[in-house]
Amino acid sequence: MLTGLLTSTPSAGGGGMGGRGNQITDPAAIQDALRTSYDALTQALSGLSNADLNANVKMFGRDMTKQDAALMLLSDQHEHLGQSIAYARSNSVVPPWSK
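Given the structure is predicted, the values throughout are model-derived calculations rather than measurements. (Residues numbered from 1 in each chain as written. Predicted model: local features only at pLDDT ≥ 70, side-chain atom pairs only at ≥ 80, totals over all residues. Heavy atoms only, no water.)

Caption draft 1: A look at helix H4 (residues 66-90). When the terminal C-alpha atoms of H4 are compared, their 36 Å separation across 25 residues agrees well with the 36 Å that a helix rising 1.5 Å per residue should span. For H4, the secondary structure elements touched by its buried residues are helix H1 (2-7), helix H2 (27-46), helix H3 (50-53), strand S1 (56-59) and strand S2 (62-65). Of the residues one or two after H4, serine 92 is the one with positive phi, at around 60 degrees. (Helix = DSSP H or I, 4+ residues; strand = E, 2+ residues; numbered from the N terminus. Expected span 1.5 Å × (residues − 1). Contact = heavy atoms within 4.5 Å.)

See the structure below:
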């Protein structure tokens, strides 16, 4: 969904983890979907010019520039990382960087 917003092209599959009604539950498939999604997003962000970054878009009902949308995405992903770390620690999972 966000890649489509940044590149002004519709996203395949409706966005998200498999699209609506087609949820992915297999751990290996989830990891593959996340890698694919992050790769597509990285490519979309790298291809944006300064003019593209200043273009207006509507995201979650709010008017903003593509740069604002990218910053919101980065902030959101940082929050999810923190949640994942807290969840792992509460389940006695030691992250690889702490071993």
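There is more to say after this.
Caption draft 2: Molecular detail of the pattern of salt bridges. On inspection of all chains with the given rule, the structure shows one salt bridge. Here lysine 58 and aspartate 63 are joined by a salt bridge, their closest N and O atoms 3.2 Å apart. Judged by its relative accessible area of 52%, lysine 58 falls in the exposed class. The class for aspartate 63 is exposed, based on a relative accessible area of 63%. (Salt bridge = Lys/Arg side-chain N within 4 Å of Asp/Glu carboxyl O. Buried < 20%, exposed > 50% of the residue type's maximum accessible area, 1.4 Å probe, protein only.)

Caption draft 3: Expanded view of the confidence of the model for the chain. Here the chain shows a mean pLDDT of 85. Residues at 70 or above account for 89%. The spread of mean pLDDT over the elements of the chain runs between H1, the lowest at 84, and S2, the highest at 95. (pLDDT = per-residue confidence, 0-100.)

Caption draft 4: Structural context of the environment of threonine 65. With respect to the secondary-structure elements, threonine 65 resides in strand S2. Note: C-alpha distance between threonine 65 and leucine 6 (59 residues apart in sequence) is 9.6 Å. Residues within four places of threonine 65 in sequence aside, it is in contact with Leu53, Asn54, Ala55, Asn56 and Val57.

Caption draft 5: Quick peek at the nonpolar core. Formed by Leu6, Leu41, Leu48, Val57, Met59, Met64, Ala69 and Leu73, the largest nonpolar core amounts to eight residues. Of all the secondary structure elements, the ones that give two or more residues to this core are S1 and H4. Filtering out sequence-adjacent residues up to four positions away, leucine 48 remains in contact with Leu6, Leu53 and Lys66. (Core = buried A, V, L, I, M, F, W, Y, C linked by side-chain atoms within 4.5 Å.)

Caption draft 6: Here's a closer look at unusual backbone geometry. Not every positive phi belongs to a glycine, and phenylalanine 60 is a case in point at roughly 55 degrees. Here phenylalanine 60 lies in the loop between S1 and S2. Its identity is not glycine, yet serine 92 carries a phi of approximately 60 degrees, on the positive side. Relative to the elements of secondary structure, serine 92 occurs in the segment after H4.

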